[in-house]
Amino acid sequence: MRRTHSSLLLLCAFCLLIGPTIASEAETNFDDDDGVVESVQDDTPALATDENGEELVYESPKYDPNQFHFVDHFDDIEKSQKLWVKSQAKKDDIAEEIAKYDGVWSWEAPQRIVWKNDIGLVLKSKAKHAAISSKLLKPFTFKEDKPLVVQYEVTLQEGQECGGAYIKLLSANKATDDLTKFNDKTPYTIMFGPDKCGNDIKMHFIFRHVNPINGSITEKHCRKPKDRLEEPFKDKLPHLYTLIVRPDNTFEMRVDHNIINEGSLLSEFTPPVNPPREIDDPEDKKPEDWDEREKIPDPTAQKPEDWDDDAPPQIPDPSAVMPDDWLEEEPEMIPDPSAVKPDDWDVDMDGEWEAPLVDNPVCEKVSGCGKWKAPLIANKEYKGKWRAPMIDNPNYRGKWSPRKIPNPDFFEDLTPFKMTPISAVGIELWSMSNEILFDNIIITDDLDVAIDYAAKTFDLKRKYIDKESKTWWHRLMRHMNYKPGWWALYFLYCSIPIGGYIYYLYRRATEEEESTTATDKKTDAVQPDDKPSEEQEESTEESSPKTKKSDLDVKDGADAADNEEDSGKDSTEDVDGGASEEKETEDSTSNKPRKRRVRKDAS
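Residues numbered from 1 in each chain as written. Predicted model: local features only at pLDDT ≥ 70, side-chain atom pairs only at ≥ 80, totals over all residues. Heavy atoms only, no water.

Participant: So what exactly am I meant to see when it comes to the state of the cysteines here?
Facilitator: Here a disulfide denotes one covalent bond, and it connects the sulfur atoms of two cysteines. Scanning all chains against the criterion turns up two disulfides. The connectivity of the disulfide-linked cysteines in the protein, indexed sequentially, is 1-2, 3-4. (Disulfide = S-S within 2.5 Å.)

Structure (structure tokens):
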């Protein structure tokens, strides 16, 4: 019992100790009806250490603006809000009530706060068109021998069923001068990022290529990665997306620093950058006598004389005989004799009423009723329709195809890297999920700068989350997405040992009380609250002679004294402390009163 007591105490103390710790680490934001996010975390950053014991604390990254074409960590809300312009445009060819870009954007900490001062740009609304954009610090022109590096974080805080989290690098032209008019038709140079609808999961990399001959623009879509990227749409964790386009026309797409797709701009896109040198002659027509049949029916073959095209595949069995008990005169179905015409039956409207048909009960006792027919068997003479055997076509000239002519629109662009200059970055989305958080958007021409920037932001954040997820409890909470409603589980988790401990204390108190009562009854002291039972009274009668004083006699004497007081009878007491006191008690046994004297020593 003591070992159980100690175990329960330790378990209860453990639950009470880890409860506040878990609650402080798993701070959650609560959304009200107005879309306002209330942080429940205090101003002190969460404390965690890396494998070297160094404390993981986030600070807004310091950077040299000269190393970036665009950079925004969103932590300085006032400064960031001056950079970004919310679109006031409307979509074309769509109903007026849903054409406006009225999606709600907000600068706030994530729902699952790691550090309160790490702010992101959050799309708060769903099933609405949303667009926001910002000018670059300096345009990216693709003229220098430096790569284009685009990198940003996305956290799908509510998961994603249908919608995207991609960004657009807007082309430098008059259409991007006024960003309040940013919409789906605004020219862009590159579109990059994740997209999902149902089971269709994509990692977009689209660039718009300009035809050097006629100036037409065609979208070139990168082939899909070999592996499906499902986790970023489910785990509700921050993920880092990086696109690298190099002057040698190669590219890389990375997710969390892992390469998921790579190749050449010249070979991995549909339609290809360069058109074919030759095309089919649109004026060429197939000759009427052109025979494309490889095989033809043998014209010399003749159908055999005994071949019967009309022979049925099955015939009645000529050896079958009608059973003796077959009733040909008896119908298989008869009107239901128990059927009654409905009261509301209208002959004029419904016609003459007829009882529904049921199986003839007479037929159940014999082999069958009605006209007898012999069962069918396979026809040995059946051969099907006769067809001549196939032979090689002597006039076969092969599959016809139009002749090739030089492609009048042919060009060869060996440097598709030299795209239209970029002057702005924009996010234009429609999503069935809300709470999409964008963070740490950068555009640079140095991959090392991007990697260093990620180390100060994304890598630090994931180190903290991974450290936190090492315990089974935090893994469980991560899958719960730290939702407030799930804290009921935590309450239940603590209530079980606490409830068990309270129940244990109650039982122990009850046992101690019973033990104390039993011990008191064995003493010579008077117990006024005790009442004799019938078994005790009977045992008293059968006890030793009156001259012998026993514990039972003392107890019975005290009980008798109590009974006399309750019934209003007087008892005699010796006031002298050293004198013995006697009292007369009356016990009832076999419905007869019996008196005996009990000597009580003065205490």
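Back to the write-up after that little detour.
Participant: How do you make sense of the nonpolar core when you look at a structure like this?
Facilitator: With 62 residues, the main nonpolar core has Leu148, Leu169, Ile190, Phe205, Leu265, Ile427 and Phe438 as its most contacted residues. Not counting residues within four places of it along the chain, the set of residues in contact with Leu148 comprises Phe140, Phe142, Leu169, Ile190, Leu243, Ile244, Val245, Phe417, Ile422, Ile443 and Thr444. (Core = buried A, V, L, I, M, F, W, Y, C linked by side-chain atoms within 4.5 Å. Buried < 20%, exposed > 50% of the residue type's maximum accessible area, 1.4 Å probe, protein only. Contact = heavy atoms within 4.5 Å.)

Participant: Sorry if this is basic, but what is going on with the side chain of Asp298 here?
Facilitator: Checked against the element boundaries, Asp298 lands in the loop between β19 (295-297) and β20 (314-316). Lys295 provides the closest opposite charge to the buried, salt-bridge-free Asp298, at an N-O distance of 11 Å. Looking at Asp298, its side chain comes within polar contact range of the side chain of Thr300, at 2.7 Å. Setting aside chain neighbours within four positions, we find Asp298 in contact with Ala388, Pro389 and Ile391. (Helix = DSSP H or I, 4+ residues; strand = E, 2+ residues; numbered from the N terminus. Lys, Arg positive; Asp, Glu negative; His and termini not counted. Salt bridge = Lys/Arg side-chain N within 4 Å of Asp/Glu carboxyl O. Polar contact = N/O pair within 3.5 Å; in protein donor to acceptor, adjacent residues only side chain to side chain.)

Participant: What exactly am I supposed to notice about the environment of Pro316 here?
Facilitator: Tracing the chain through its elements places Pro316 in strand β20. Measuring from C-alpha to C-alpha, the distance between Pro316 and Asn379 comes to 8.9 Å, with 63 residues separating the pair along the chain. Once you skip the residues sitting within four places of it in the chain, Pro316 turns out to touch Ala374, Pro375, Leu376 and Ile377.

Participant: Would you mind showing me how to read the confidence of the model for the protein here?
Facilitator: Put simply, the protein has an average pLDDT of 79, and 73% of its residues get 70 or more. Confidence drops under a pLDDT of 50 for residues 19-46, and excluding neighbours within four residues, the segment shows 55 contacts in the predicted structure. This model gives residues 529-556 a pLDDT under 50, and the stretch forms 35 contacts once residues within four places in sequence are excluded. (pLDDT = per-residue confidence, 0-100.)

Participant: Even after reading the chapter, I still don't get the pattern of salt bridges, so can you show me in this structure?
Facilitator: When their charged atoms lie close together, side chains carrying opposite charge are able to pair. With the rule as written, the count across this model stands at 28 salt bridges. Of the charged contacts in the structure, one is a salt bridge between Arg403 and Asp284, with a shortest N-O distance of 3.4 Å. Taken as a pair, Arg403 in the loop between β24 (390-392) and β25 (404-406) and Asp284 in the loop between β18 (278-280) and β19 lie far apart in primary sequence, 119 residues in all. Looking at Asp284, the relative accessible area reads 17%, which means it is buried. Lys385 serves as the salt-bridge partner of Asp310, at 4.0 Å between the closest nitrogen and oxygen. Residue Asp310 is found in the loop between β19 and β20, and its partner Lys385 is found in the loop between β23 (376-378) and β24; the two are separated by 75 residues along the sequence. For Lys385, a relative accessible area of 52% puts it in the exposed group. The network of salt bridges with shared partners includes Asp118, Glu153, Asp439 and Lys461.

Participant: Just checking my understanding: could you explain a negative patch on the surface for this structure?
Facilitator: Among the surface-exposed residues, Asp343, Asp344, Asp346, Asp348 and Asp350 lie close enough to one another that they form a single negatively charged patch. Topologically, Asp344 is positioned in the loop between β21 (333-335) and α4 (347-350). Take Asp344: its relative accessible area is 67%, and that puts it in the exposed class. (Patch = residues over 30% accessible without salt bridge, like charges linked within 9 Å, V, L, I, M, F, W, Y side chains within 5 Å. Areas by Shrake-Rupley, 256 points an atom, 1.4 Å probe, with all protein chains shown as cover. Charge placed at Lys NZ, Arg CZ, Asp CG, Glu CD.)

Participant: Would you mind showing me how to read the side chain of Thr189 here?
Facilitator: Within the fold, Thr189 resides in strand β11 (residues 188-197). Note on Thr189: relative accessible area 0%, which makes it buried. In terms of polar contacts, Thr189 uses its side chain to reach the side chain of Ser171, at 2.8 Å. From its side chain, Thr189 meets the backbone oxygen of Thr420 in a polar contact 3.0 Å long. With near-sequence residues (within four places) excluded, Thr189 lies in contact with Phe142, Leu169, Leu170, Ser171, Ile206, Phe207, Arg208, Met419, Thr420, Pro421 and Ile422.

Participant: How should I be thinking about the packing of helix α5 (residues 447-456) against helix α6 (residues 458-468) in this particular structure?
Facilitator: Packed helix pairs are specified by the crossing angle of their axes together with the interaxial distance, meaning the distance between the axes. The N-to-C vectors of α5 and α6 enclose an angle of 35°; their axes lie 3 Å apart at closest approach. In this structure, α5 contributes Ala454, Ala455 and Lys456 to the contact, and α6 contributes Phe458, Asp459 and Leu460. (Axes fitted to C-alpha atoms, helices over the stretch in contact; angles between N-to-C directions.)

Participant: Sorry if this is basic, but what is going on with the pairing of strand β27 (residues 436-444) here?
Facilitator: For β27, the tally of buried residues reaches nine of nine residues, placing the bulk of the element in the interior. Two elements, strand β3 (residues 68-72) and β27, share four bridges in a ladder whose sense is antiparallel. Within β27, the residue paired with Phe68 across the bridge is Thr444. In terms of strand pairing, strand β6 (residues 120-123) meets β27 through three bridges, oriented antiparallel. By the bridge assignment, Leu123 is partnered in β27 with Ile436. As paired elements, strand β8 (residues 148-156) and β27 share seven bridges and run antiparallel to each other. (Pairing = 2+ DSSP bridges.)

Participant: What should I look at first to understand the packing of aromatic side chains in this one?
Facilitator: How two aromatic rings sit relative to each other is set out by the distance from centre to centre and by the angle between their planes. Under the defined criterion, the tally for this structure stands at 18 aromatic pairs. Relative to Phe438, the ring of Tyr152 lies with its centre 6.2 Å away and its plane at 25°, an arrangement referred to as stacked. In this pair, Tyr152 is assigned in strand β8 and Phe438 in strand β27, connecting sequence segments 286 residues apart. Here Tyr152 matches Phe438 in class, with each residue buried. Feature note: the residues Trp105, Tyr152, Phe192, Tyr241 and Phe438 constitute an aromatic cluster, connected by ring pairs. Positioned over the ring face of Tyr188 is Arg208, at 5.3 Å from the centre of the ring. (Phe/Tyr/Trp six-rings, centres within 6.5 Å; stacked < 30°, edge-to-face > 60°. Lys NZ or Arg CZ within 6 Å of the ring centre and 35° of its normal.)

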